[in-house]
Amino acid sequence: MVPGRVNRSLQRNRDEVRVSNAPAPAPPPRHQPSKRAKSKPKQLKKVVLPTTLRLDNLVNILKERLSTVQRAAEGMGLTDTRPDRLLTSEDASLLALELGFDPEINDDAAFDLFPLPLSPPELLSPRPPITGIFGHVDHGKTSLLDALRSTSVAAGEAGGITQHIGAFEVGVASMEGEPTITFLDTPGHAAFTAMRSRGAGVTDVVVLVVAADDGVKPQTEEVIGLIRSASDELGVVVALTKCDKPGVDTTKVKHELMAAGVEVEDFGGDVPCVEVSSVTGQGLAELVETISAIAEVRELKAERAGRVEGRVIESRVEKGRGNVATVLVLRGCLRNTASLVAGTTWARVRTLIPPSGKAVVSVYPGQPVEVTGWKDLPAAGDLVLEAATEDEAKRAIANRLRRVEQEKLWSDVEVINEKQRREAEILAIRKDEEDKAKAKGLRGNAVLHAGDAAVEELVGASDGPKELLLVIKADVSGTVEAVVGALEGIGNAEAKVKILSSAVGPVTQGDVDMARAVGATIVGFNVKAPGSVMKDAAKVPNPVPVHTSPIIYRLVDTVRQATADLLPKSIETRVHGEATVQMVFDISVKGRKEPKRIAGSKVSNGVFQKARKARVVRKGEVLHTGVVSTLKQVKKDVLEIPKGVECGIALDDFDAWEVDDLIQSVEEVEVARTL
Ligand SMILES: Nc1nc2c(ncn2[C@@H]2O[C@H](COP(=O)(O)OP(=O)(O)OP(=O)(O)O)[C@@H](O)[C@H]2O)c(=O)[nH]1
């Protein structure tokens, strides 16, 4: 415990408040210590405050009166001082200080691991370039990666098989230093833009794949945009694929590339363009040579000793191996004895498996490796850092988790406080309306009804957009991110998607329980939902919708439809008949003092039906829509009147007829809306 820390931060806060209120002559009341706190600094009594507490918890901890704490809170500028109001730890500390206490926080909470400063040049050694292959759907990325991968297998030990770990290495005979290129095996689906842009973050060289028989397409342009935004860090080579196809016009494609802003070498620019075929193997060696030439010019170097740093490029749970993450080493030496942290999890490395499939004891910069031993699954994109000891790793992660929890809690605090404030407001309004109703002489249900009506008006007026709550599951962390990216934007101002949680793994009973508790829908990409879990999800009265598919677009469509279903249906009015008022007269009705006012009309269009609602239109303006109480032909009650026939019409709640009013016989139909 370090008591001084809080005081320093409190001082800083006071300064901030003063600055923001600079024009005011006197310091504002909030964050202003009382004389009591100032004049008796030695008598401050130590108190340890939990990170989250309600106002009444603070009252108990400080052993003060509720009213005293509330007064102090008001003096600090807090408008809401109800006992169940949640306080931020900062406000709670300030209140404690204000009331003559010395609040403490745990200094260990600040500990974490961070990337090392840049290494001095004399410690740097060449490293393999990290190469990403990007381009439009079906332009041949997978085929090119497969062709390059088989080159690496062929060049490796006899019978060797490359494991699919999200990256692989290809040897380059002519390259100096580390004679390999590391290829990232990134997927090329349109919905995976998020992953691609992250992939580009660790990439040194981009191979822009353009099919020679198809030319520049929307995703080609998207990749060009990505390359432009990171042009200082990226080397670029264009691979014109499918050049074995008869009749392809590579010059035309190069023109298209120029038009899209890629200055190809043949036309005087600096971007090399290699014509390849994954079918015949044409140009593959040249492509590899070109990448290594680009890498040499860029002098890619990293320190091969010391603490390791890397990035997670893929992660998944594997039967028998547990949490597995493919890590790309960016600096240092990754040993099979290291303790690592990534995101909010850590690992004591159990095995290091490179693409060749044979365990190794150390891995160097530019190389990809599968790391097992993670306590939890790290996410694709997470920074991997080495801790000096296992304890250090655990400490850093405990603090990161605490911070994540706190952040979440404090965003919830706002919501909870707002919800409580609103509930109190609703109660007050209900009471007020009920009192008014009683004063008017109303009794019993009529009083309750007055309260209900006022609350309904208030609640109806301020409802935000409807939300489709989602629990997302996917096979690997990269796809979790992609699915979240594809779904989170769905909706409009009236209905939208809200993602409650997203994680790697199959749909579990826990997911269903959680979804059921909050009324959420489960979306699974490329994952299984066991039969028992699906059976439970289908249970009435609270079934949980579960949508799983290996096709992301299908999930997007399903979620879009489910979100559209939340939209209030639009009401379409269909007119089945029209009558024009020709004269207005009164008839006396048995048992009624007042005569009934009848619109003597003639049906001018369609059929006028008693069972349908009637809409009164005067000079184009709708005056009333209501129930038909009387429909008479001469003196006889009838159910409908055809076109051209005269009739008498009366409505339940309207009788201010005028000659020439139009009475429409209407049907109100609910129409589903789309997004
Ligand atoms: N003739 C010929 N066909 C090719 C070549 N490269 C790919 N193809 C074919 O083009 C089609 C698409 O190839 P993929 O490698 O799946 O393309 P992709 O870019 O990975 O596709 P997505 O993963 O869907 O983005 C397949 O039918 C391949 O057989 C090539 O060099 N020559």
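If you look the protein chain up in an unreviewed UniProt entry, it shows as Tr-type G domain-containing protein from Rhodotorula graminis. The Sequence similarities (unreviewed entry) field of the UniProt record for the protein chain holds the comment "Belongs to the TRAFAC class translation factor GTPase superfamily. Classic translation factor GTPase family. IF-2 subfamily." The protein chain has a UniProt comment under Function (unreviewed entry) that states "One of the essential components for the initiation of protein synthesis. Protects formylmethionyl-tRNA from spontaneous hydrolysis and promotes its binding to the 30S ribosomal subunits. Also involved in the hydrolysis of GTP during the formation of the 70S ribosomal complex."

**Points about the packing of helix 3 (residues 55-62) against helix 4 (residues 66-75)**
Contact pair helix 3 / helix 4: the axes reach a minimum separation of 9 Å and the direction vectors enclose 120°. Viewed along their axes, helix 3 and helix 4 form a crossing whose handedness is right-handed. On the side of helix 3, the interface is formed by L55, L58 and V59, while helix 4 contributes L66, V69 and Q70. A breakdown of the residues in the contact of helix 3 with helix 4 according to their chemical character gives five nonpolar, one polar and no charged.

**Details of the nonpolar core**
Within the largest apolar cluster, 22 residues are counted, with the highest numbers of intra-cluster contacts made by L144, F183, V207 and L287. Among the elements of the structure, helix 6 (141-155), strand 7 (167-171), strand 8 (180-184), strand 9 (205-211), strand 10 (235-241) and helix 10 (284-298) are those that each provide at least two residues to this core. With residues up to four places along the chain from it excluded, the contact list for F183 reads T131, I133, L145, L148, G166, A167, F168, V170 and I291. By size, the runner-up hydrophobic cluster in this structure holds 21 residues, among which are L208, L234, A260 and V262.

**Details of the sheet that holds strand 29 (residues 621-626)**
Pairing is antiparallel in the open sheet, where eight strands are placed in the order 29-28-34-25-26-33-30-31. Of all the strands in the sheet, the pair left with one neighbour each is strand 29 and strand 31 (636-637). Of the strand pairs in this sheet, strand 28 (residues 613-618) and strand 29 are connected by five bridges, and their pairing is antiparallel. Residue pairing in the sheet places R615 in a bridge with T625 of strand 29.

**A short note on the sheet that holds strand 13 (residues 309-318)**
Strand order around the closed barrel formed by six strands is 13-14-19-17-16-20, with antiparallel pairing between neighbours. Averaged over all pairs of adjacent strands, the angle between strand axes in this sheet comes to 45°, irrespective of strand direction. Pairing geometry for strand 13 and strand 14 (residues 322-331), over nine bridges, is antiparallel. Within the sheet, the bridge partner assigned to E314 lies in strand 14 and is T326.

**Focus on helix 10**
Here helix 10 is 15 residues long and its end C-alpha atoms lie 21 Å apart, about the 21 Å a rise of 1.5 Å per residue gives. Inspection of helix 10 places L284, L287, V288, T290, I291, S292, I294 and A295 among the buried residues, and these make up the whole buried set. Directly beyond the C-terminal end of helix 10, a positive phi value near 45° is found at E299.

**Quick notes on the pairing of strand 34 (residues 662-671)**
Pairing geometry for strand 25 (residues 570-587) and strand 34, over ten bridges, is antiparallel. Considered in strand 34, the bridge of I571 is made with E670. Across five bridges, the pairing between strand 28 and strand 34 is antiparallel. When the bridges of strand 34 are listed, A614 appears paired with S665.

**Details of the side chain of D661**
Examined against the element boundaries, D661 turns out to sit in the loop between strand 33 (646-651) and strand 34. Among the polar contacts listed, one links the side chain of D661 to the backbone nitrogen of E658, at a separation of 2.9 Å. Not counting the four nearest positions on each side in its chain, D661 is found in contact with A579, T580, V581, V616, V617, R618 and A656.

**So, a nonpolar patch on the surface**
Together, L500, M514 and V518 make up an exposed nonpolar region whose accessible area comes to about 220 Å². Residue position: V518 is located in helix 14 (residues 509-518). Look at V518 and you get partly exposed, because its relative accessible area is 43%.

**Here we look at the pattern of salt bridges**
Inspection of every chain in the model, using the stated rule, returns 39 salt bridges. Note that D213 and K245 form a salt bridge whose closest N and O atoms lie 3.0 Å from each other. Of this pair, D213 sits in the loop between strand 9 and helix 8 (218-229) while K245 sits in the loop between strand 10 and helix 9 (250-259), and the two are 32 residues apart along the sequence. By relative accessible area, D213 is classed as partly exposed at 37%. You can call K245 partly exposed: its relative accessible area is 37%. Here D637 ties to K632 by a salt bridge, and the two come within 3.3 Å at their closest N and O atoms.

Each value, and the rule that gives it
- Residues numbered from 1 in each chain as written.
- Predicted model: local features only at pLDDT ≥ 70, side-chain atom pairs only at ≥ 80, totals over all residues.
- Heavy atoms only, no water.
- UniProt positions renumbered as here; feature names shortened; annotations may be inferred.
- Axes fitted to C-alpha atoms, helices over the stretch in contact; angles between N-to-C directions.
- Helix = DSSP H or I, 4+ residues; strand = E, 2+ residues; numbered from the N terminus.
- Left-handed = near helix turned anticlockwise from the far one by under 90°.
- Contact = heavy atoms within 4.5 Å.
- Nonpolar A, V, L, I, M, F, W, Y, C, P; charged D, E, K, R; others polar.
- Core = buried A, V, L, I, M, F, W, Y, C linked by side-chain atoms within 4.5 Å.
- Buried < 20%, exposed > 50% of the residue type's maximum accessible area, 1.4 Å probe, protein only.
- Pairing = 2+ DSSP bridges.
- Expected span 1.5 Å × (residues − 1).
- Polar contact = N/O pair within 3.5 Å; in protein donor to acceptor, adjacent residues only side chain to side chain.
- Patch = residues over 30% accessible without salt bridge, like charges linked within 9 Å, V, L, I, M, F, W, Y side chains within 5 Å.
- Areas by Shrake-Rupley, 256 points an atom, 1.4 Å probe, with all protein chains shown as cover.
- Salt bridge = Lys/Arg side-chain N within 4 Å of Asp/Glu carboxyl O.

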